[in-house]
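A closer look at the structure
If you want the building blocks of each chain, they are given just below.
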Amino acid sequence: MSDYLVDAARWQRENRGAAQGSPSNLLMTAASRALSVLALADEAGLSRLRAAYDPAPTPAPPTGGQPGVPPAPPSPGSAPRR
């Protein structure tokens, strides 16, 4: 049924001049709304998949310094020796 409604929504040339409330006009309106619902469902499904399998990166926690200031370099005595 959904395939039929999608095809009807895309077949606009024949019913473009149909009178308001006529069976052709009602079919086109229903088909157009069904197509909108299917598009919303598709978008919601993609959003859920992206959230599950491609989450946004987690921001690094601040290191305790002032914002915008890089951390101080390590002291020279703590470097590994060769």
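Attention here is on the structure that accompanies the text. (Residues numbered from 1 in each chain as written. Predicted model: local features only at pLDDT ≥ 70, side-chain atom pairs only at ≥ 80, totals over all residues. Heavy atoms only, no water.)

1. Topic: the overall build of the chain
Formally: Each helix is a run of H or I in the DSSP string that is no shorter than four residues. Each strand is a run of E no shorter than two, and both are numbered from the N terminus. Throughout this description, buried means an accessible area under 20% of the type-specific maximum (1.4 Å probe, protein chains only), exposed means over 50%, and partly exposed covers the range between. All accessible-area figures derive from a Shrake-Rupley calculation using a 1.4 Å probe, and residue coverage is judged against the displayed protein chains alone.
Of the regular secondary structure elements, the chain holds 2 helices and 0 strands. Within the chain, the proportion of its 82 residues that are buried is 12%. Carbon and sulfur atoms form 59% of the exposed surface of the chain, whose accessible area is close to 7500 Å².

2. A closer look at a nonpolar patch on the surface
The test is simple: Patch building starts from residues that exceed 30% relative accessible area and form no salt bridge, then joins like charges within 9 Å and nonpolar side chains (Val, Leu, Ile, Met, Phe, Trp, Tyr) within 5 Å. For salt bridges, the criterion is a side-chain nitrogen of Lys or Arg within 4 Å of an Asp or Glu carboxyl oxygen.
Together, L46, L49 and Y53 make up an exposed nonpolar region whose accessible area comes to about 350 Å². On the accessibility criterion, L46 (37% relative accessible area) is partly exposed.

3. Considerations on helix 2 (residues 23-53)
In an α-helix, one turn spans 3.6 residues, which is why side chains three or four residues apart end up on the same side. The cut-off we apply is this: Expected span of a helix, by definition, is 1.5 Å for each gap between consecutive residues, and there is one gap fewer than residues.
For helix 2, built from 31 residues, the straight-helix expectation of 45 Å at 1.5 Å per residue is met to within 8% by its first-to-last C-alpha distance of 45 Å. Those residues of helix 2 that sit buried are N25, M28, A31 and A34.

4. Things to note about the side chain of S22
To keep things clear, this is the line we draw: We define a polar contact as two N or O atoms separated by no more than 3.5 Å, with the added condition that, inside protein, one atom must be a possible hydrogen donor and the other a possible acceptor, whereas residues neighbouring each other in sequence contribute only through side-chain atom pairs.
Tracing the backbone through its elements, the reader meets S22 in the loop between helix 1 (2-10) and helix 2. Look at S22 and you get buried, because its relative accessible area is 17%. Within the local environment of S22, its side chain forms a polar contact with the backbone oxygen of A19, the two atoms lying 2.8 Å apart.

5. Remarks on the side chain of N25
Applied cut-off: Here, residues are in contact when the closest pair of their heavy atoms is within 4.5 Å.
Here N25 lies in helix 2. With relative accessibility at 15%, the residue N25 sits in the buried group. With residues up to four places along the chain from it excluded, the contact list for N25 reads A18, A19 and Q20.

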